[in-house]
Amino acid sequence: IDYRAVDIRMLQTASLDEAAFATQVKEMLTSGSLALDEFVYGSLYPYVGVAVSSIYGILFDLSDHAIIIILRLIGVGSAITVALYTYRIGQLLFGLRGGNLSAAVVLSTPLHFRWAVEIHPDLLQLAFLTAGLYHTLQLARNGDLYHLLMASTLAGLATATKYGGLFLLPTIALSLIL
């Protein structure tokens, strides 16, 4: 998490996306503006970074180092969320062993760990998608309003993060019909 986290400019040597997101969040924080530069991704990820960084900034000095660590911790939290919801989906469909195996497969994937410490919206989007899929499965089983609202909200959040939530919408609709 602390790798090349001293200065936002240092991030450019390893990842242009990391540098772009960290710079965007820093500019939003220093200018006080919530306007985004042109991004090819959805806009939710920088806003999450600004919100968490603002709360941190009330209590502590908000340096480049702190912004980088905060943005990377969003990825770590998202990775944990993906593993937990993968466990819940496996458990729902296949019992306790299925849940354990599902989470073990996710947690043993090196790519999962790589994205967990990278400043990038992919794992946040995946966390919303995985949670949305869990609630879609619950909706198919129970047909209740709570799971419909949760699945739809999470699909919207995934779409706002990086547009992948659009693929969850037909699944939600099918779970209501079937």
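Here the residue numbers are simple positions, counted from 1 along each chain's written sequence. Since the coordinates come from a predicted model, pLDDT governs what is reported: local features require at least 70, and pairs of side-chain atoms require 80 or more to be given and counted, while whole-chain, interface and lining totals use all residues. Side-chain measures here rest on the full set of heavy atoms in the structure, leaving out hydrogens and waters.

1. Here we look at the pattern of salt bridges
Our working definition: A side-chain nitrogen of Lys or Arg and a carboxyl oxygen of Asp or Glu constitute a salt bridge if their distance falls within 4 Å. To qualify as a helix, a DSSP run of H or I must reach at least 4 residues; to qualify as a strand, a run of E must reach at least 2; elements of each kind are numbered from the N terminus. Burial status follows relative accessibility: with a 1.4 Å probe on protein chains alone, a residue under 20% of its type maximum counts as buried, one over 50% as exposed, and anything between as partly exposed.
Enumeration over the complete set of coordinates arrives at four salt bridges. With its nearest N and O atoms 3.1 Å apart, the salt bridge here joins Glu18 to Arg72. Residue Glu18 is found in helix 1 (residues 16-31), and its partner Arg72 is found in helix 3 (residues 64-107); the two are separated by 54 residues along the sequence. On the accessibility criterion, Glu18 (4% relative accessible area) is buried. With a closest N to O distance of 2.8 Å, Lys26 and Asp64 form a salt bridge. Of the two residues, Lys26 is situated in helix 1 and Asp64 in helix 3; the sequence distance between them amounts to 38 residues.

2. Quick look at a nonpolar patch on the surface
Our working rule: The patches described consist of residues with a relative accessible area above 30% and no salt bridge, like charges being joined within 9 Å and nonpolar side chains (Val, Leu, Ile, Met, Phe, Trp, Tyr) within 5 Å. Exposure was quantified through the Shrake-Rupley algorithm and a 1.4 Å probe, taking into account, for residues, occlusion by the shown protein chains and nothing else.
Residues Tyr56, Ile58, Leu59 and Phe60 make up a contiguous nonpolar surface patch of about 460 Å² in total accessible area. Looking at the element boundaries, Phe60 is found in the loop between helix 2 (44-59) and helix 3. We classify Phe60 as partly exposed; its relative accessible area is 49%.

3. A closer look at the packing of helix 5 (residues 122-142) against helix 6 (residues 145-162)
Stated precisely, the cut-off is as follows: Here an angle of 0 to 180 degrees is reported between the N-to-C directions of two axes, which are lines fitted to C-alpha atoms, with helices fitted over the stretch in contact. Roughly parallel refers to an angle under 35 degrees, roughly antiparallel to one over 145, roughly perpendicular to one between 65 and 115, and oblique to any angle outside these ranges. Two helices cross in a left-handed way if the nearer one is turned anticlockwise from the farther one by less than a right angle. They cross in a right-handed way if the turn is clockwise. Throughout, a residue-residue contact means that at least one pair of heavy atoms, one from each residue, lies within 4.5 Å. For this classification, the nonpolar set comprises Ala, Val, Leu, Ile, Met, Phe, Trp, Tyr, Cys and Pro, the charged set comprises Asp, Glu, Lys and Arg, and every other residue, Gly included, is treated as polar.
It is the contact of helix 5 with helix 6, at a shortest axis distance of 8 Å, that shows an interaxial angle of 160°. Taken together, the axis directions place helix 5 and helix 6 in an arrangement best described as roughly antiparallel. Crossing of helix 5 over helix 6 shows left-handed handedness. Each of Asp122, Leu124, Gln125, Phe128, Leu129, Ala131, Gly132, His135, Thr136, Gln138, Leu139 and Asn142 in helix 5 lies in contact with helix 6, whose residues at this interface are Tyr146, His147, Leu148, Met150, Ala151, Leu154, Leu157, Ala158, Thr161 and Lys162. Here the contact of helix 5 with helix 6 is built from residues that sort into 12 nonpolar, eight polar and two charged.

4. Focus on the side chain of Thr161
With respect to the helices, strands and loops of the structure, Thr161 is situated in helix 6. With residues up to four places along the chain from it excluded, the contact list for Thr161 reads Tyr41, Gly42, Leu44, Pro121, Leu124, Gln125 and Phe128.

5. Focus on unusual backbone geometry
A positive phi angle, close to 70°, is found at Tyr163, a residue other than glycine. Residue placement: Tyr163 occurs in the loop between helix 6 and helix 7 (168-177). By relative accessible area, which is 41% here, Tyr163 ends up partly exposed.

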